[in-house]
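Observations on the three-dimensional arrangement
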Amino acid sequence: MFPLTEENKHVARLLFSSGTCPRCIFRFCGVDLHGPYKRPSKELFNDLQKFLETEKDELILELPNPPLKKIRLQEDGMDNLSGNGEEGSSATEDEIIASEASDLRVCNVCLGILQEFCEKEFVAKVCQKVEASGFEFTSMVLSVSFPPQLSVREHAAWLLVKQEIGKQSLPLGRNDLVQLKEAYKWITHPLFSEGLGIPIDGKSLFEVSVVFAHPETVEDCHFLGEVCPDCFKPAKNKQSVFTRMAVLKALNKIKEEDFFKQFPCPPNSPKTVCTVLEIECTHGAVFVAGRYNKYSRNLPQTPWIIDGERKMESSVEELISDHLLAAFKAESFNFSSSGREDVDVRTLGNGRPFAVELLNPHRVRFTSQEVKELQQKINKSSDKIQVRDLQLVTREAIGYMKEGEEEKTKTYSALIWTSKAIQKKDIGFLNDLKDLKIDQKTPLRVLHRRPLAVRTRSIHSMETHYLDEHHFRLYLKTQAGTYIKEFVHGDFGRTKPNIGSLMNVTADILELDVESVDVDWPPALDD
C-alpha cells in the first residue's frame, strides 16, 4: 500500500520536482512505516509518479523562487533527459519532461544514499567483504557515517517543505521528519541479516562500519564557517573542521533568512552519487583472566625498558599475553593485575589475579577445553611462570579485581639480615604486634613514577622464624599497597616505624616472596 495521502501531495510534488528521491520524500512526509522504504527504488519511483498524476495527466509544481512550471508526464520522453538528469534539447524553458530516466537522477538531499546504496546489490558487496574479513561473529551492529553536507541539504529541503506546509496548514513538524540514518537501517538491516545469516543487534561486539563521502558537494558546508565561525574549531584526529556535529550546531544557530541567502532551497541536484570511502570490520575487546605464579627473581612483571633500551629479555606480561594474542588473532592487548611485584620478587601460593584485554580479536569463540589447552601451552612455554584458572570474563567482571584494592590483604615471606648479632628472644616481640600502623613516604625507588605522598598502611600480623645470628625469616600479613622492602630497611627514615627502628638495628631484606593475594577473583576452576 502506498504510504502517502492526499494531504502529502503538495509536499511530495514540491520535493519530487526539485530532484528528491521517493524515500527522502517519505521521510519529509513523516512516513514511519518500515515497509514502504524496503521496496525497490524502481517500484517506488513508478508508484510516486502515478500518485502525483492529475486528472489531465499533468503535474502543477510550485517552486518557491522560479515561476510556475508544468511537468508533462510522457512515456516516450527518455531522450529528453541526459543520463545525469539534465534537460535535453527538446525541453522548453517552462517544461521538464519527466521520464523513466528521471529515477536515475541523484537525489538532491541524500546524494544517492537511499537510492543505490540501500539496494540488494550494494549490501551483497558489503557482505562479501565482511565474510572475507576473517572475523568470527554471531551477530553484528551496522555503523554508517554520512558526509556532513547531507545535514545542510536536508536543512535546505526542510525549509522548503516548511514553507509549503505553512501554506497548506499541514500538521507536520521537524520532529516528524524521519532521520536519514534511521531510514537507511530500516532498509538495510533485513538485507544484511539475510545476507550473513545473523541477527542485527545494537549490543553486538562485532561492528561493520561503512563510511560515505561526496567530493562534488564537499564545499556545501563552507559558508557555515563564515556565518558561524565559533561552531568550527580544529579537533584532534579530525581532518576537517566541518564535522557532522559542528555542522548541526551551526544549522541550529543560523537564522533562516541568512541560510536562504547563502544556500539554494531546494538544493541543487548533483551529478554524482556518494562514494564509499571505507568498509571496515572491527570486534570489541574480549577479556581473559586468571592467576599467575612467578618463580624467577630475574623477571619483571611488564617489559623493563629504560631510555629506549630493553633491560630484561622478557616479562610476565609477555609470557602470558603473547600466547593469548596469537590464539585470539588480536591486534594488541592491555595487561592489568591486582598489584605488582618487583623484578626480584617471586609470587607463590595461589598466584596473583590478572586480566588481559584483547583488542580487535578475529577469533572469539573458545570451548572450555580449548582455554584449558591454551593455559597448558602457556605453562609449558616457560619455567619462570605458571598460570591457573584461565577463563573468559566480561569487562564488568574486571572491576572485581580492582574493587577495594587497598582494603585487601596480602601475605609475604621475607628473609631479613641484621647488622647486629641477634638471638631468638630479640625477634619474639614482633609476633605480638597486631595491626601496626606505619607511615610510608613514597619510596625513593619509585618516586620517578609515583607522586610524592605519605600513605598510612597496616601491618596486620607478623610471625618470625629465627635462622642464625644475622638472619631470620619474617612472615607478614599486610594491607595491600604496603611497601614491604621499605618497612624492613626504613628507606632512610621515610617509612616509620620499620623493622630496623623496632629492633634498634640496621636491617635489610635479602629475599621477598608474595605468598598470597587475598582477592576472590577470578573464580577458581577445577584443575
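Residues numbered from 1 in each chain as written. Predicted model: local features only at pLDDT ≥ 70, side-chain atom pairs only at ≥ 80, totals over all residues. Heavy atoms only, no water.

1. Observations regarding the overall build of the protein
- Secondary structure assignment for the protein yields 15 helices and 17 strands.
- Residue burial in the protein is summarised as follows: out of 527 residues, 49% are buried.
- For the protein, the exposed area adds up to about 26800 Å²; of that, 48% sits on carbon and sulfur atoms. (Helix = DSSP H or I, 4+ residues; strand = E, 2+ residues; numbered from the N terminus. Buried < 20%, exposed > 50% of the residue type's maximum accessible area, 1.4 Å probe, protein only. Areas by Shrake-Rupley, 256 points an atom, 1.4 Å probe, with all protein chains shown as cover.)

2. Brief notes about the packing of aromatic side chains
- One pass over the structure, following the stated rule, counts 20 aromatic pairs.
- Between Phe 137 and Phe 206, the aromatic rings sit 4.3 Å apart at their centres with planes inclined by 5°, giving stacked as the arrangement. In this pair, Phe 137 is assigned in the loop between helix 5 (120–131) and strand 3 (141–145) and Phe 206 in strand 4 (residues 206–213), connecting sequence segments 69 residues apart. As far as the burial class goes, Phe 137 and Phe 206 line up, both buried.
- Judged by centre distance (6.2 Å) and plane angle (80°), the ring pair of Tyr 184 and Phe 212 falls under edge-to-face. Note that Tyr 184 is positioned in helix 7 (residues 180–196) and Phe 212 in strand 4, a separation of 28 residues in sequence.
- Here the aromatic residues Phe 2, Phe 26, Tyr 37, Phe 51 and Trp 186 are joined through ring pairs into a cluster of three or more.
- Its end group placed over the ring of Phe 146, Lys 181 keeps NZ or CZ at 5.9 Å from the ring centre.
- The residue whose ring lies beneath Arg 363 is Phe 366, and the NZ or CZ to ring-centre distance is 3.9 Å. (Phe/Tyr/Trp six-rings, centres within 6.5 Å; stacked < 30°, edge-to-face > 60°. Lys NZ or Arg CZ within 6 Å of the ring centre and 35° of its normal.)

3. Quick word on the sheet that holds strand 5 (residues 275–283)
- Strand order in the open sheet formed by three strands is 3-4-5, with mixed pairing between adjacent strands. What marks the edges here is a single partner per strand, and that holds for strand 3 and strand 5. Averaged over all pairs of adjacent strands, the angle between strand axes in this sheet comes to 15°, irrespective of strand direction.
- Summarising the sheet, strand 4 and strand 5 pair through eight bridges and their orientation is antiparallel. Counterpart to Phe 206 in the pairing with strand 5 is His 283.
- Along the sheet, helix 5 contacts strand 4 and strand 5; its crossing angle with strand 4, the most-contacted strand, is approximately 130°.
- Contacts from helix 7 reach strand 3 and strand 4, with the element oriented near 140° to strand 3. (Pairing = 2+ DSSP bridges. Axes fitted to C-alpha atoms, helices over the stretch in contact; angles between N-to-C directions. Contact = heavy atoms within 4.5 Å.)

4. Quick look at helix 12 (residues 368–381)
- Taking 1.5 Å per residue as the helical rise, helix 12 with its 14 residues ought to reach 20 Å, and the 20 Å between its terminal C-alpha atoms agrees with that figure.
- For helix 12, every residue scored as buried is listed here: Val 371, Leu 374, Gln 375, Ile 378 and Asn 379. The buried side chains of helix 12 occupy one side of the element, clustering within an arc of 135° when seen end-on. In helix 12, the exposed residues that point more than 90 degrees away from the buried face are Lys 377 and Lys 380.
- The inward-facing, buried residues of helix 12 contact helix 11 (316–328) and strand 11 (385–393). (Expected span 1.5 Å × (residues − 1). Arc of directions from axis to C-beta.)

5. Some thoughts on the side chain of Gln 149
- Mapping Gln 149 onto the fold places it in helix 6 (residues 149–168).
- Apart from the residues within four sequence positions on either side, Gln 149 is in contact with Leu 111, His 214, Thr 217, Val 218, Asp 220 and Cys 221.

6. A word on the packing of helix 1 (residues 9–18) against helix 4 (residues 41–52)
- Packing of helix 1 against helix 4 leaves a shortest axis separation of 10 Å and a crossing angle of 125°. Comparing their axes, helix 4 and helix 1 come out oblique. Remark: the crossing between helix 1 and helix 4 carries left-handed chirality. Across from Lys 9, Ala 12, Arg 13 and Phe 16 in helix 1, the residues of helix 4 making contact are Phe 45, Leu 48, Gln 49, Phe 51 and Leu 52.
- Residue composition of the contact of helix 1 with helix 4, by class: six nonpolar, one polar and two charged. (Parallel < 35°, antiparallel > 145°, perpendicular 65-115°, else oblique. Left-handed = near helix turned anticlockwise from the far one by under 90°. Nonpolar A, V, L, I, M, F, W, Y, C, P; charged D, E, K, R; others polar.)

7. Remarks on the confidence of the model for the protein
- In the predicted model, the protein carries a mean pLDDT of 88, and 88% of its residues have values of at least 70.
- In the predicted structure, residues 55–103 sits below a pLDDT of 50 and forms 81 contacts with residues beyond four places in sequence or in another chain. (pLDDT = per-residue confidence, 0-100.)

8. A word on the side chain of Asn 379
- Position of Asn 379 relative to the elements: it lies in helix 12.
- For Asn 379, a relative accessible area of 16% translates into the label buried.

9. Considerations on the nonpolar core
- Leu 4, Ile 113, Leu 114, Tyr 184, Phe 212, Leu 224 and Phe 259 are the most contacted members of the largest nonpolar core, which has 78 residues in total.
- Apart from the residues within four sequence positions on either side, Leu 114 is in contact with Cys 21, Arg 23, Cys 24, Arg 27, Ser 41, Leu 180, Ala 183, Tyr 184 and Ile 187.
- Residues Phe 287, Ala 355, Val 393 and Val 505 belong to the second largest nonpolar core, which totals 35 residues. (Core = buried A, V, L, I, M, F, W, Y, C linked by side-chain atoms within 4.5 Å.)

10. Things to note about a nonpolar patch on the surface
- Taken together, Leu 444, Leu 447, Leu 452 and Phe 492 make up a surface patch of nonpolar side chains, about 460 Å² in accessible area.
- With respect to the element layout, Leu 444 can be found in the loop between strand 13 (436–441) and strand 14 (454–468).
- What makes Leu 444 partly exposed here is its relative accessible area of 42%. (Patch = residues over 30% accessible without salt bridge, like charges linked within 9 Å, V, L, I, M, F, W, Y side chains within 5 Å. Salt bridge = Lys/Arg side-chain N within 4 Å of Asp/Glu carboxyl O.)

11. Comments concerning the packing of helix 11 against helix 12
- Close contact between helix 11 and helix 12 brings their axes to 10 Å; oriented N to C, the two are set at 140°. Comparing the axis directions of helix 11 and helix 12 gives the class oblique. Seen along the crossing, helix 11 lies across helix 12 with a hand that is right-handed. Here Leu 319, Ile 320, His 323, Leu 324, Ala 327 and Phe 328 of helix 11 lie close against helix 12, whose contacting residues are Leu 374, Lys 377, Ile 378 and Ser 381.
- In terms of residue class, the contact of helix 11 with helix 12 is built from seven nonpolar, two polar and one charged.

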